[in-house]
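Overview (structure and organization)
Now for the letters of each chain:
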Amino acid sequence: MKTTRKRYSADFKAKIALEAIRGDLTLAELAAKHGVHHTMIASWKRQAIDGMAGTFSGAGDVAKAVSESEVEKLHAKIGQLVVERDFLAKAFGR
């Protein structure tokens, strides 16, 4: 018998993690309230806390700049390969 895992949206995870960080309810109470295992809530809470530092550090801006330069390099390489392919196709008469 094949079972599929339940997938939760990022918004749902963030909402639950925020509730866990607030600490108004225990993890067990949150688990019962939302129908999610308490270890998953603890994991989401840990991920949210770890990710907060990255929000304020500006690491996303650096990654975005790196990815833009990488895209430019890849476009240049694609252009070079297209020219080489066309040249070889003409040379071999195809």
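That block above? That's the structure.
The notes below deal with the structure included here. Everything quoted here is computed from the prediction, not taken from an experiment. (Residues numbered from 1 in each chain as written. Predicted model: local features only at pLDDT ≥ 70, side-chain atom pairs only at ≥ 80, totals over all residues. Heavy atoms only, no water.)

Structural notes on a nonpolar patch on the surface
A cluster of nonpolar side chains, I21, I49, M52 and F56, forms an exposed patch at the surface whose accessible area comes to about 410 Å². Considering each element in turn, the nonpolar patch owes the most residues, three residues, to helix α3 (residues 38–57). Along the chain, M52 turns up in helix α3. (Patch = residues over 30% accessible without salt bridge, like charges linked within 9 Å, V, L, I, M, F, W, Y side chains within 5 Å. Areas by Shrake-Rupley, 256 points an atom, 1.4 Å probe, with all protein chains shown as cover. Salt bridge = Lys/Arg side-chain N within 4 Å of Asp/Glu carboxyl O. Helix = DSSP H or I, 4+ residues; strand = E, 2+ residues; numbered from the N terminus.)

A few points about the packing of helix α2 (residues 27–34) against α3
Running from N to C, α2 and α3 cross one another at 110 degrees; their axes reach a closest spacing of 8 Å. Between α2 and α3, the angle is such that the two are roughly perpendicular. As for how α2 packs across α3, the hand of that crossing is right-handed. Residue-level inspection shows L27, L30 and A31 of α2 in contact with α3, the latter providing H38, I41 and A42. Taken together, the residues of the contact of α2 with α3 break down into five nonpolar, one polar and no charged. (Axes fitted to C-alpha atoms, helices over the stretch in contact; angles between N-to-C directions. Parallel < 35°, antiparallel > 145°, perpendicular 65-115°, else oblique. Left-handed = near helix turned anticlockwise from the far one by under 90°. Contact = heavy atoms within 4.5 Å. Nonpolar A, V, L, I, M, F, W, Y, C, P; charged D, E, K, R; others polar.)

Here's the deal with the nonpolar core
Membership of the largest hydrophobic core is limited to nine residues, which are Y8, I16, A17, A20, L30, A31, V36, I41 and W44. Where this core is concerned, the elements lending two or more residues are α1 (10–22), α2 and α3. The residues touching I41, leaving out its near neighbours within four places in the chain, are I16, A20, L27, L30, A31 and V36. (Core = buried A, V, L, I, M, F, W, Y, C linked by side-chain atoms within 4.5 Å. Buried < 20%, exposed > 50% of the residue type's maximum accessible area, 1.4 Å probe, protein only.)

Regarding the side chain of H34
The topology assignment puts H34 in helix α2. Those residues in contact with H34 that sit more than four places away from it in its chain are F12, K15, I16 and E19.

Details of the pattern of salt bridges
For side chains bearing opposite charge, pairing can occur when the charged atoms are close. One pass over the structure, following the stated rule, counts two salt bridges. Between E19 and K33 there is a salt bridge; the shortest N-O distance is 3.4 Å. A residue pair is termed long-range when its members are at least 10 positions apart, and E19 in helix α1 and K33 in helix α2 qualify at 14 residues. Take E19: its relative accessible area is 14%, and that puts it in the buried class.

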